[in-house]
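Okay, here's what each chain looks like letter by letter:
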Amino acid sequence: RLVGVRSVDLKREHQKCVALLLNLLPATVADQLKQSGHAEPQVFTDVSVMFADLVGFTEASAAMTPSQTIAELNLLFSAFDDIASRNGCERIKTIGDAYLAVAGLDGATLPGARATNLTRMAREMLAFLDGRRASSAIAWELRIGIHSGDVVGGVVGVRKYIYDIFGDTVNTASRMQAESEPGTITVSACTAQLIGGTFPLISRGPVAVKGKGEMELFSVV
């Protein structure tokens, strides 16, 4: 009887570990780690990458206690995670008050659908903040940037598994975010083409982007 109880406990703990891995890592990477104990870096083609940054976070957090700051970030990022899940996107990581997400790592959709899903996610994130503004002590705004292309994904570290994505596509998405005004979404010409007529776009014309030269940028309406 004790052996049966232990077997059930071990199975339950195993399920918890698997669930934790799936929360921390993409499913394909988690499967590799379960099978072999390591995960090879992968090249993902034609994905879409989004950077979102909370405007004025440093100043706002200075007026909050540490526990208030963490509670606020947890509320916002948990809501963004739910929005990501609904749209078939995936949060890669948060960096302070910045949020990095991607669409297309699972290879289940075409490039146009990936860009569309991620843009829809970005719009829903802005709508969430708009809806919360009346009841929130802080009227948070986001700057959001999206770019599409190839990335390299892999697990960094040995003692602590941290999954991350790298490459020019990620850097360019960060530049798109930096070129955004508060409460707006800026996309590259590449992403704009993939979106097609799904969302209204306003051309900003050629813009001198740091480290990239002149790029044609679009604002999502």
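Check the entry above for the structure.
Residues numbered from 1 in each chain as written. Predicted model: local features only at pLDDT ≥ 70, side-chain atom pairs only at ≥ 80, totals over all residues. Heavy atoms only, no water.

### Section: the nonpolar core
In this structure, M50, F80, Y99, M121, M125, L142 and I144 are the most contacted members of the largest nonpolar core, which totals 33 residues. For this core, the elements supplying multiple residues, two or more each, are β1 (42-54), α4 (66-86), β3 (98-103), α5 (111-132), β4 (142-156), β6 (184-188), α7 (189-195) and β8 (213-220). Once you skip the residues sitting within four places of it in the chain, I144 turns out to touch M50, F51, A52, A122, L126, M176, Q177, S180, T184, I185 and T186. Formed by 17 residues, the second largest nonpolar core is a distinct cluster that contains L33, A39, L100 and V170. (Core = buried A, V, L, I, M, F, W, Y, C linked by side-chain atoms within 4.5 Å. Buried < 20%, exposed > 50% of the residue type's maximum accessible area, 1.4 Å probe, protein only. Helix = DSSP H or I, 4+ residues; strand = E, 2+ residues; numbered from the N terminus. Contact = heavy atoms within 4.5 Å.)

### Concerning the environment of S180
Positionally, S180 belongs in the loop between α6 (168-178) and β6. Owing to a relative accessible area of 3%, S180 belongs among the buried residues under this scheme. Taking C-alpha positions, S180 is 8.9 Å from L142, a pair spaced 38 residues apart along the chain. When sequence neighbours within four positions are dropped, the list of residues in contact with S180 reads R143, I144, G145, I185, T186 and R204. A distance of 2.7 Å separates the side chain of S180 from the backbone oxygen of I144, its partner in a polar contact. (Polar contact = N/O pair within 3.5 Å; in protein donor to acceptor, adjacent residues only side chain to side chain.)

### Description of unusual backbone geometry
A positive phi is found at D46, a non-glycine position, where the angle reads about 55°. The exposure class of D46 is partly exposed, given its relative accessible area of 41%.

### Quick word on the side chain of S61
Within the secondary structure layout, S61 lies in helix α3 (residues 57-62). Here the side chain of S61 touches T58 through a polar contact of 3.0 Å, landing on its backbone oxygen.

### Considering the packing of aromatic side chains
Counting across every chain of the model gives 5 aromatic pairs. With centroids separated by 5.6 Å and ring planes inclined at 45°, the aromatic side chains of F77 and Y99 adopt a geometry described as tilted. Residue F77 is found in helix α4, and its partner Y99 is found in strand β3; the two are separated by 22 residues along the sequence. A relative accessible area of 7% means that F77 is categorised as buried. Judged by relative accessible area, Y99 falls into the buried class, the value being 1%. For the pair F80 and Y99, a centre-to-centre distance of 5.6 Å together with 85° between the ring planes defines the contact as edge-to-face. Pair noted here: F80 is in helix α4 and Y99 is in strand β3, with a separation of 19 residues, a long-range link. (Phe/Tyr/Trp six-rings, centres within 6.5 Å; stacked < 30°, edge-to-face > 60°.)

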